[in-house]
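The lines below spell out each chain.
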Amino acid sequence: VQLQASGGGLVQPGGSLRLSCAAPRSIFRINVMGWYRQDPENQRELVASIGRGGSTDYQDSVKGRFTISRDNAKNTVYLQMNNLKPEDTAVYYCNVKGMTATLNNFDSWGRGTLVTVSS
């Protein structure tokens, strides 16, 4: 399943960015949608996830600054990032788990989008 991610860029500390990631409309069911990030010195880590019913989970370092949301009608997940810090600099990847129209389970990754927080 191909995912379309967008929204990265360069922002000053304290600024905001919004990432989005869309799955095909033909998907039968989407369960968990999430955002991960990876920088050159660390492994890929979970930033935030959201279940089908809207339950959310956040990495401690982004709580109160980032908000994950989803639009089930559009099969799209968003990550609103506020008060960005230099340590948020990373490549961000969306991840979607669900079931295709042919009832096959999938676990797909979007192409990463670079977020750079720097003055």
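See above for the structure.
Conventions used here
- Residues numbered from 1 in each chain as written.
- Predicted model: local features only at pLDDT ≥ 70, side-chain atom pairs only at ≥ 80, totals over all residues.
- Heavy atoms only, no water.
- Helix = DSSP H or I, 4+ residues; strand = E, 2+ residues; numbered from the N terminus.
- Rg over C-alpha atoms; globule rule 2.2 N^0.38 Å.
- Buried < 20%, exposed > 50% of the residue type's maximum accessible area, 1.4 Å probe, protein only.
- Contact = heavy atoms within 4.5 Å.
- Pairing = 2+ DSSP bridges.
- Axes fitted to C-alpha atoms, helices over the stretch in contact; angles between N-to-C directions.
- Polar contact = N/O pair within 3.5 Å; in protein donor to acceptor, adjacent residues only side chain to side chain.

K.L.:
What is the right way to read the overall build of the protein from this model?
P.N.:
Helix and strand content of the protein: zero helices and eleven strands. Along the protein, helices (α) and strands (β) appear in the sequence β-β-β-β-β-β-β-β-β-β-β when read from the amino end. Relative to a compact globule of 119 residues, whose C-alpha radius of gyration would be 14 Å, the protein shows 14 Å and is just as compact. C-alpha atoms of the protein, sized along the principal axes, occupy 50 × 25 × 20 Å. The burial tally for the protein puts 40% of its 119 residues in the buried class. Taking contacts inside the protein between residues at least 6 apart in sequence as the whole, the part at least 24 apart equals 53%.

K.L.:
How should the sheet that holds strand 7 (residues 66-71) be read in this particular structure?
P.N.:
Two modes of strand pairing occur in sheets, parallel and antiparallel, and in both the strands are linked by backbone hydrogen bonds. Strand order in the open sheet formed by four strands is 1-3-8-7, with antiparallel pairing between adjacent strands. With partners counted over all chains shown, the strands left at the sheet margins are strand 1 (4-6) and strand 7, one partner each. In this sheet, neighbouring strand axes are inclined to one another by 15° on average, regardless of whether the strands run parallel or antiparallel. Pairing geometry for strand 7 and strand 8 (residues 76-81), over six bridges, is antiparallel. Bridging from a neighbouring strand, isoleucine 68 pairs with leucine 79 of strand 8.

K.L.:
How should the environment of methionine 33 be read in this particular structure?
P.N.:
Here methionine 33 shows up in strand 4 (residues 29-38). Accessibility expressed as a relative area gives 1% for methionine 33, which makes it buried. If near-sequence neighbours (up to four positions away) are discounted, methionine 33 is found in contact with Ala48, Ser49, Ile50, Ile68, Arg70, Asn75, Thr76, Val77, Asn95 and Val96.

K.L.:
Quick question: what am I supposed to make of the side chain of arginine 37 here?
P.N.:
Among the structural elements, arginine 37 can be located in strand 4. The class for arginine 37 is buried, based on a relative accessible area of 6%. A distance of 3.0 Å separates polar atoms of two side chains, one belonging to arginine 37 and the other to aspartate 88. A polar contact is formed between the side chain of arginine 37 and the side chain of tyrosine 92, at a distance of 2.9 Å. Those residues within four positions of arginine 37 in sequence are excluded, and the remaining contacts are Gln43, Arg44, Glu45, Val47, Gln59, Ser61, Val62, Phe66, Asp88, Ala90, Val91 and Tyr92.

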